[in-house]
Amino acid sequence: MKNLLLVSFYFNQKNEIASKRLRSLSRHLPKYGWNPIVITPHFDNIDTSFNKTELKDIEIIETDYVDMLDKYKSLLNFNKSKKINNNSSKSNNTNNNTNTPTNVKPNPIIQKGIHLAGEIFAYPDGMKYWYKPGFKASEKIIKERKIEAILSSSWPISCHSIAKDLSEKYNIPWIGDLRDLWNKNPYVNHNFIRRHFEYKLEHKTFKNVSALTVTTPLTKEILSTIHPDKKIYTIENGYEKSEFENIENVKKTEVKLNITYAGKLYEGKRDPQILFEAIENLSNNNLIDKNKIELNFYGDSGNILEIGEKYNIKDIINVHGFIDHTEVLIKEKSSDILLLISWNNPNERIFIPGKVFEYMALKKPVISIGYKEGCLKDIIDKTNIGFHTDNLKECMEGLLKYYNEFIENDYKLNYYGNEEVNNYTTENMAFKFAKILDGL
């Protein structure tokens, strides 16, 4: 069994997709000859009890950690208390009013200055003060044990900084896992000065990296333009089979086509209006009975009911709010169709939301609404778990097909996911990592 040093900031957060990726990787790698030793920060406000059974045989080393904001706050509080103490020692013989008005509008110059300060002090990321404790703990392990390889996973970038310096100092092969792109990430907007330094730092950091891994085929294409001389592999996220083995299927109290969405709507960026309009149009044309459909939303509701009223389907919408993730899985398992909503924006084409793997595990038909093309559509088409669309016509056709099958098949829907679904387990994800590690 070979030892792998896994450097990751995210690991103990129970429902964080980054943590799930790395926990599952740690759980399954030993099956393929690699023993992970995990270096991760300790957080007082995180319950890690679930790890004790899930990862009982994995060595997890938690280090000290001070967040950048907390560090600066402590410095500011120290200076503030010092100033107060100095002032209190002076004679107070004036009646000046020192109260600060609360209705003063923010000064745009000051706001710009704060943003600029963030660009400077949070370089390369706001977790940079984890470097020292992370490096120190990693170095101790390397000196005590034979480490055959290092794997670091970002975000944050500081994980790669730790791994790079360890790899170079001890001549250990290293894989850098980028769950999101470092540069050319469409949702990271730095000023041109910061971008310049970010590009330089990325090239410097990965100069001697043994291999890079990403989570979608399109991010691999983009990363290859930045590092054309590097070995780059696509290893998608996946579903943990054991998480879904005991999810019960609750029997319905009403015979209705149950469509469920569980998640955030991000202030309307995830928009279900295409589905709502499809239901209204099909109902108006007497192709479906909308009263035989039930829409259930778990999470933040936004203005879902207002939109439902706009399309005359408010009475078939149920808004439930946030519930525990285990309860979410039960609700999803008991549904007929699972709804996946992503932002209809070209930037989304390079991403595969983690929810799609959850839906694969639940083995339920999927309606996916989002940008017309990209990695999400490709994986849904490849696995045949449902359909993905960005337009009303296709949504109406797909929904009508599901509805008719539901009515004709004694109020049941078949699941048509193919064998490709089995390639997206976390066990297979670990197998892919192990193959790369074996080749270093």
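Scroll up a little and you will see the structure.
Quick summary incoming for the structure in this document. (Residues numbered from 1 in each chain as written. Predicted model: local features only at pLDDT ≥ 70, side-chain atom pairs only at ≥ 80, totals over all residues. Heavy atoms only, no water.)

## Details of the overall build of the protein
Per the secondary structure count, the protein includes 15 helices and 13 strands. Taking all 440 residues of the protein together, the buried fraction comes to 47%. Pairs at least 24 residues apart make up 73% of the contacts formed inside the protein by residues separated by at least 6 positions. About 23,400 Å² of surface is accessible on the protein, with carbon and sulfur atoms providing 50% of the total. (Helix = DSSP H or I, 4+ residues; strand = E, 2+ residues; numbered from the N terminus. Buried < 20%, exposed > 50% of the residue type's maximum accessible area, 1.4 Å probe, protein only. Contact = heavy atoms within 4.5 Å. Areas by Shrake-Rupley, 256 points an atom, 1.4 Å probe, with all protein chains shown as cover.)

## Concerning the environment of leucine 282
Among the secondary structure elements, leucine 282 is positioned in helix α9 (residues 273-284). Apart from the residues within four sequence positions on either side, leucine 282 is in contact with Leu287, Ile288, Met396, Leu399 and Leu400.

## A few points about the sheet that holds strand β10 (residues 317-321)
As summarised here, the arrangement of the 6 strands in space is β10-β9-β8-β11-β12-β13, forming an open sheet in which the pairing is parallel. Edge positions in the sheet fall to β10 and β13 (386-389), since each has one partner strand and no second. Put simply, the sheet's adjacent strands are angled 20 degrees from each other on average, direction ignored. The sheet contact formed by strand β8 (residues 257-262) and strand β11 (residues 337-341) spans 2 bridges and is parallel. Counted as the bridge partner of threonine 260 is leucine 338 from β11. Each of β8, β9 (293-298), β10, β11 and β12 (366-369) is contacted by α9, which is oriented at about 165 degrees to β9, the strand it contacts most. Running over the sheet, helix α13 (residues 375-383) touches β11, β12 and β13 and is turned about 155 degrees from β13. (Pairing = 2+ DSSP bridges. Axes fitted to C-alpha atoms, helices over the stretch in contact; angles between N-to-C directions.)

## Let's talk about the packing of helix α12 (residues 355-362) against α13
Orientation of α12 relative to α13, taken along the N-to-C sense of each, is 15 degrees, at an axis distance of 11 Å. When the axis of α12 is compared with that of α13, the two are roughly parallel. Both α12 and α13 take part in a crossing whose hand is right-handed. Contacts between α12 and α13 involve Val356, Phe357 and Met360 on the former and, on the latter, Leu376, Ile379, Ile380 and Thr383. In terms of residue class, the contact of α12 with α13 is made up of 6 nonpolar, 1 polar and no charged. (Parallel < 35°, antiparallel > 145°, perpendicular 65-115°, else oblique. Left-handed = near helix turned anticlockwise from the far one by under 90°. Nonpolar A, V, L, I, M, F, W, Y, C, P; charged D, E, K, R; others polar.)

## So, unusual backbone geometry
Looking along the chain, the bond that leaves serine 154 and enters tryptophan 155 is cis, with omega of 20 degrees. Positionally, tryptophan 155 belongs in the loop between β4 (149-154) and α6 (158-170). Between tryptophan 155 and the following residue, proline 156, the backbone shows a cis peptide bond with an omega angle of 5 degrees. For lysine 184, which is not a glycine, the phi torsion comes out positive at approximately 65 degrees. Turning to its location among the elements, lysine 184 is positioned in the loop between β5 (174-178) and α7 (192-205). Overall, the relative accessible area of 44% leaves lysine 184 in the partly exposed class. We note that asparagine 384 has phi near 60 degrees; this positive angle belongs to a residue other than glycine. Structurally, the position occupied by asparagine 384 is in the loop between α13 and β13.

## Some thoughts on the sheet that holds β5
In spatial order, the strands read β3-β2-β1-β4-β5-β6-β7; together these 7 strands make up an open sheet with parallel pairing. The outermost strands of the open sheet, each flanked by one partner alone, are β3 (59-63) and β7 (232-234). For this sheet the average axis-to-axis angle between neighbouring strands, irrespective of direction, equals 20 degrees. Where helix α5 (residues 131-144) meets the sheet, its contacts fall on β1 (2-8), β2 (34-41) and β3, and the angle it forms with β3 comes to roughly 145 degrees.

## A closer look at the side chain of serine 167
As for its placement among the helices and strands, serine 167 is situated in helix α6. Reaching out from serine 167, the side chain makes a polar contact with the backbone oxygen of isoleucine 172 at a distance of 2.6 Å. Among all residues touching serine 167, those that are not within four sequence positions of it are Ile150, Ile172 and Trp174. (Polar contact = N/O pair within 3.5 Å; in protein donor to acceptor, adjacent residues only side chain to side chain.)

Worth remembering: the numbers are spatial, not functional.
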